[in-house]
Amino acid sequence: MAAEDMKTLEENFRQQNKSCFILGASGETGKVLLQELLERNIFSKITLIGRRQLTFDGKAYENLVQEVVDFEKLDDHAAAFQGHDVGYCCMGTTRAKAGAEGFVRVDHDYVVKSAELAKSGGCTQFHLMSSRGADKSSSFLYLKVKGQVEAEIEALGFDRYSIYRPGVLLVDRQESRPAEWMTRKFFSVFSGTSMSIPIELVAKAMAANALLQPEQKTEILENKDITNLGKGAGK
């Protein structure tokens, strides 16, 4: 997409005075997505919904709204999900971090319940960060849960629902988990293929996609689709 076309879309969208929320803004993808949305300045209000208050440096973050919630008692925090036009979900953990039960609780229970409250609160557009290979029929817990979440949120009936299935996410910094870092370094050789993608491209794609009007209510963007959209998003 030409840079001029993207700028026109951004300006038209900006004039609609829309608001959004982000789940998972403390994670790698969520952090970069937040930066991308702030730079594009397409939303009149950005709300971060999470289990703790986040600290930011710089004037760009001054007008952020933060809602601290207990994900175990989300019904008590329904008000935090009211009044948003667009929802972004980048929330998730891993089985290695949280154990099987903890992983299901975060990646399924918290995410689906949040989507339900957002829908009830008037949100019409929902963007879900899922995973390459997500399949509710999979024998692998991770991919099965991701597929189940995709399907259950689709059943909620958002006016617009975008599912992102990136491959291995590539980040520039070395983690405290050397094995994971080495895996990412290996996959960086294949960057742009179906196997991996720089995290910045995912954020650009998620931000830019909110401006577009797809033909279908539900769309699935595989790794290559995300790469192409991210590269065409400019900035």
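What comes next concerns the included structure.

Criteria and cut-off values
Residues numbered from 1 in each chain as written. Predicted model: local features only at pLDDT ≥ 70, side-chain atom pairs only at ≥ 80, totals over all residues. Heavy atoms only, no water. Helix = DSSP H or I, 4+ residues; strand = E, 2+ residues; numbered from the N terminus. Buried < 20%, exposed > 50% of the residue type's maximum accessible area, 1.4 Å probe, protein only. Contact = heavy atoms within 4.5 Å. Phe/Tyr/Trp six-rings, centres within 6.5 Å; stacked < 30°, edge-to-face > 60°. 1 Å grid on protein atoms, 1.4 Å probe; cavity = no way out; pocket = protein on both sides within 12 Å on 5 of 7 lines; lining within 4 Å. Points joined across faces, edges and corners; volume = space filled by probe spheres on them. Nonpolar A, V, L, I, M, F, W, Y, C, P; charged D, E, K, R; others polar. Salt bridge = Lys/Arg side-chain N within 4 Å of Asp/Glu carboxyl O. Expected span 1.5 Å × (residues − 1). Bend = angle between axes of the 7 residues up to and from the residue.

### Some remarks on the overall build of the chain
For step 1, the next point in the chain: The helix and strand inventory of the chain stands at seven helices and nine strands.
For step 2, the next point in the chain: Of all 235 residues assigned to the chain, the portion counted as buried reaches 46%.
For step 3, the next point in the chain: Long-range pairs, those at least 24 residues apart, make up 71% of the contacts in the chain with a sequence separation of at least 6.

### Quick word on the packing of aromatic side chains
For step 1, the next point in the chain: The tally for this structure, following the rule as stated, stands at eight aromatic pairs.
For step 2, the next point in the chain: Pairing Phe-56 with Tyr-61 gives two aromatic rings, centres 4.6 Å apart and planes at 5°, and the pair type is stacked.

### Here's the deal with the layout of surface pockets
For step 1, the next point in the chain: Taken as a whole, the second largest pocket encloses approximately 210 Å³ of empty space.
For step 2, the next point in the chain: Looking at the second largest pocket, the residues that line it are Leu-37, Leu-38, Asn-41, Phe-43, Ser-44, Lys-45, Ile-46, Ala-60, Asn-63, Leu-64 and Val-65.
For step 3, the next point in the chain: Taken together, the residues of the lining of the second largest pocket sort by class into seven nonpolar, three polar and one charged.

### Concerning the pattern of salt bridges
For step 1, the next point in the chain: Counted according to the given criterion, the structure contains 13 salt bridges.
For step 2, the next point in the chain: Its salt-bridge partner being Arg-14, residue Glu-10 comes within 3.8 Å of it at the nearest N-O pair. Here Glu-10 and its partner Arg-14 are both found in helix H1 (residues 3-14), four residues apart, which amounts to about one turn of the helix.
For step 3, the next point in the chain: The exposure class assigned to Glu-10 is buried, which follows from its relative accessible area of 3%.
For step 4, the next point in the chain: Notably, a salt bridge pairs Glu-36 with Arg-40, separated by 2.8 Å at the nearest N-O pair.

### A few points about helix H3 (residues 95-120)
Residues separated by three or four positions in an α-helix point in the same direction, a consequence of the helix having 3.6 residues per turn.
For step 1, the next point in the chain: With 26 residues, H3 ought to run about 38 Å at 1.5 Å a step, yet its terminal C-alpha atoms sit only 30 Å apart, falling short of that.
For step 2, the next point in the chain: Along H3, the helix axis deviates most sharply at Glu-101, where the bend reaches about 90°.
For step 3, the next point in the chain: Buried residues of H3: Gly-102, Phe-103, Val-106, Asp-107, His-108, Tyr-110, Val-111, Val-112, Ser-114, Ala-115, Leu-117 and Ala-118, and no others.
For step 4, the next point in the chain: Looking at the buried side of H3, the elements it contacts are strand E1 (19-23), strand E4 (86-89), strand E5 (125-129) and helix H4 (141-154).
For step 5, the next point in the chain: Of the residues flanking the end of H3, it is Gly-122, one or two places downstream, whose phi is positive at about 105°.

### Considering H4
For step 1, the next point in the chain: With 14 residues, H4 should reach 20 Å at 1.5 Å per residue; the first-to-last C-alpha distance of 20 Å fits that figure.
For step 2, the next point in the chain: When we look at burial in H4, the residues that qualify are Val-145, Lys-146, Gly-147, Val-149, Glu-150 and Ile-153.
For step 3, the next point in the chain: Buried residues along H4 sit against H3, E5 and strand E6 (160-165).

### Considerations on unusual backbone geometry
For step 1, the next point in the chain: One non-glycine residue, Asn-17, lies in positive phi territory at about 55°.
For step 2, the next point in the chain: Checked against the element boundaries, Asn-17 lands in the loop between H1 and E1.
For step 3, the next point in the chain: One non-glycine residue, Asn-41, adopts positive backbone phi at about 55°.
For step 4, the next point in the chain: On the secondary structure map, Asn-41 appears in the loop between helix H2 (28-40) and strand E2 (45-50).

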